[in-house]
Amino acid sequence: GAVVSQHPSWVICKSGTSVKIECRSLDFQATTMFWYRQFPKQSLMLMATSNEGSKATYEQGVEKDKFLINHASLTLSTLTVTSAHPEDSSFYICSFPMPGYGYTFGSGTRLTVV
Amino acid sequence: TQLLEQSPQFLSIQEGENLTVYCNSSSVFSSLQWYRQEPGEGPVLLVTVVTGGEVKKLKRLTFQFGDARKDSSLHITAAQPGDTGLYLCAGAGGGNKLVFGAGTILRVKS
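Residues numbered from 1 in each chain as written. Chains lettered and ligands numbered in written order. Predicted model: local features only at pLDDT ≥ 70, side-chain atom pairs only at ≥ 80, totals over all residues. Heavy atoms only, no water.

Draft legend 1. Highlighting the packing of aromatic side chains. Here the structure, examined in full by the defined rule, presents 8 aromatic pairs over all chains. Seen in terms of ring centroids, A:Phe105 and B:Tyr35 are 5.1 Å apart; in terms of plane orientation they differ by 85°. Their pairing is edge-to-face. One end of the pair, A:Phe105, is in strand E10 (residues 102-105); the other, B:Tyr35, is in strand E4 (residues 32-37), on a second chain. Exposure class is identical for A:Phe105 and B:Tyr35. Each is buried. Note on B:Trp34 and B:Phe63: the rings are 6.5 Å apart at their centroids and 45° apart in plane angle, and the pair reads as tilted. Separated by 29 residues along the polypeptide, B:Trp34 in strand E4 and B:Phe63 in strand E7 (residues 61-65) bring together distant segments of the chain. Aromatic ring contacts, followed pair by pair, group A:Tyr36, A:Phe105, B:Tyr35 and B:Phe100 into a single cluster. (Phe/Tyr/Trp six-rings, centres within 6.5 Å; stacked < 30°, edge-to-face > 60°. Helix = DSSP H or I, 4+ residues; strand = E, 2+ residues; numbered from the N terminus. Buried < 20%, exposed > 50% of the residue type's maximum accessible area, 1.4 Å probe, protein only.)

Draft legend 2. Seen up close, the interface of chain A and chain B. Residue-level contacts link 19 residues of chain A with 21 residues of chain B. In total, chain A and chain B occlude about 1,400 Å² of area from one another, counting both sides; carbon and sulfur atoms represent 59% of this. Together, A:Ser43, A:Tyr103 and A:Phe105 form the three largest contributors to the area buried by chain A at its contact with chain B, with a combined 37%. The interface formed by chain A and chain B holds 1 salt bridge in total. Residue B:Lys97 is joined to A:Glu59 by a salt bridge in which the shortest nitrogen-to-oxygen separation is 2.7 Å. Taken together, the connections running from chain A to chain B amount to 4 residue pairs in polar contact (both at pLDDT 80 or more). When contributions to the side of chain A that touches chain B are tallied by element, the ones reaching two or more residues are strand E4 (32-38), strand E5 (44-51), strand E9 (90-98) and E10 of chain A. (Contact = heavy atoms within 4.5 Å. Buried area = accessible area lost by both parts, 1.4 Å probe. Salt bridge = Lys/Arg side-chain N within 4 Å of Asp/Glu carboxyl O. Polar contact = N/O pair within 3.5 Å; in protein donor to acceptor, adjacent residues only side chain to side chain.)

Draft legend 3. Main features of the side chain of B:Arg36. Counting through the fold element by element, B:Arg36 comes out in strand E4. If we skip the residues at most four places from it in the chain, B:Arg36 touches B:Gly42, B:Pro43, B:Val44, B:Leu46, B:Gly82, B:Asp83, B:Thr84, B:Leu86 and B:Tyr87.

Below, the structure written as structure tokens:
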């Protein structure tokens, strides 16, 4: 099956700084990728849909200027958390659909803002 | 808006016991998936059910899709400590989006 590489697996940053998370599909070209946020012991909440070559589509309540998504190629999507604050601390996961297979998820990024 | 209600939210059982997790919706889904997630990792797909009434078995795990494709269940027989984790149901909604249930935290004690 397809492999998704998400990097970094964990990051600690200071309040006010920005953090970039990368998600690469290693053996599949993905025109669409999804970014999720997950709080401890809770389910995944869809933040946005990343579309290759066009603007991302954000879910209601997600600030597009705070969570910048770039999907410049068919194998790479990035999520940048800008001016991070402690309340942005969470587990961020990327995913992309594979027709006939389902959805493959990255291993996640644990962000801690101090 | 399509919603999936998953229950129970938390389950703590002894090794060897059986359990069932339920996922219900008022909406029809074209397919429904079950995932298992361990702390600090992404969800791993267990199964996809597509046809109403479909039953799939994966070793000690039995998955069922309701006839109307609005509900699903996951049954684990003779649970083992290695089954401990977060179980998530998810339905394929519009625009290729996945709608997730709230999740069930399963803890199997030896």
